[in-house]
Amino acid sequence: MVMWIKVSAGEGNENLDMSQLQNAIAKRLKVDMEGTCDSDDIAKIISNELNGKRYLLLLDDVKADLDIHQMGIPPCENGSKIVLTTRESHIRFPRVDRVVKVTYLSPKESFRMFQDVANCPKLKDDREAEACAWKIIRECGGHPLLINIIASVFQKKDLNLWSEGFKSLKRFSEKGQH
């Protein structure tokens, strides 16, 4: 199970509030939260739902310290992982195995990486596929991890299906905005 949550509350230096983060996670888990508004109760529901399951939680654009225990995220077991992206060097995050400093890629570097990972050396020969690749790259915003994941998925698709794949990616990333 993969959950991608955009944590930042916009251009400021704040994260979404705890209830917004919990609701975003509950929505990804397809858990009915009808009538539940207490943060501790929601955390228990999230924890029970994730406990014993293998998951990848992508917390994107974290701007302030974050208490994942309070959110209801149980300890990572069964190969579960939590990936946090931030531009802030002062962020403290419990349960960190390692910190990897990743810089954004330029558009040219992003295109090269996408082309390599998608295993499509002749991408520039197909104008429609190249235009679609540039749209995908812009959507990834220079994030190497995201480019790698998305390009891996597109590697398995026929070039003619890339446009449909981009539309799916666009819908997915728009849903991740809440």
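Just above, that's the structure.
Residues numbered from 1 in each chain as written. Predicted model: local features only at pLDDT ≥ 70, side-chain atom pairs only at ≥ 80, totals over all residues. Heavy atoms only, no water.

1. Brief notes about the overall build of the protein
Then comes step 1: Looking only at helices and strands, the protein features seven helices and three strands.
Then comes step 2: Listing every helix and strand of the protein by position from the N terminus yields β-α-α-β-α-β-α-α-α-α.
Then comes step 3: A buried classification covers 37% of the 178 residues belonging to the protein. (Helix = DSSP H or I, 4+ residues; strand = E, 2+ residues; numbered from the N terminus. Buried < 20%, exposed > 50% of the residue type's maximum accessible area, 1.4 Å probe, protein only.)

2. Remarks on the pairing of strand E2 (residues 56-60)
Then comes step 1: Of all the five residues making up E2, four are buried; the element is thus mostly covered by neighbouring parts of the structure.
Then comes step 2: Note that strand E1 (residues 2-6) and E2 share five bridges and pair parallel. Residue pairing in the sheet places Lys6 in a bridge with Asp60 of E2. (Pairing = 2+ DSSP bridges.)

3. A word on the sheet that holds strand E3 (residues 81-84)
Then comes step 1: Taken together, the three strands give an open sheet; going across it, the order is E1-E2-E3, and neighbouring strands pair in parallel fashion. What marks the edges here is a single partner per strand, and that holds for E1 and E3. Pairwise comparison of adjacent strand axes, ignoring direction, gives a mean angle of 10° for this sheet.
Then comes step 2: With four bridges joining them, E2 and E3 adopt parallel strand pairing. Along E3, the bridge assignment pairs Leu56 with Lys81. (Axes fitted to C-alpha atoms, helices over the stretch in contact; angles between N-to-C directions.)

4. Comments concerning helix H5 (residues 127-140)
Then comes step 1: Taking 1.5 Å per residue as the helical rise, H5 with its 14 residues ought to reach 20 Å, and the 20 Å between its terminal C-alpha atoms agrees with that figure.
Then comes step 2: Turning to H5, its buried residues are Ala129, Cys132, Ala133, Ile136, Ile137 and Cys140. All buried residues of H5 lie within an arc of 145° about the axis, which places them on one face of the element. Residues of H5 that are exposed and angled more than 90 degrees away from the buried face: Arg127, Glu128 and Arg138.
Then comes step 3: Two or three places before Glu128, at the start of H5, stands the capping residue Asp126, its side-chain oxygen 3.2 Å from that residue's backbone nitrogen.
Then comes step 4: After H5 finishes, the residue Gly141 shows a positive phi value of roughly 60°. (Expected span 1.5 Å × (residues − 1). Arc of directions from axis to C-beta. Polar contact = N/O pair within 3.5 Å; in protein donor to acceptor, adjacent residues only side chain to side chain.)

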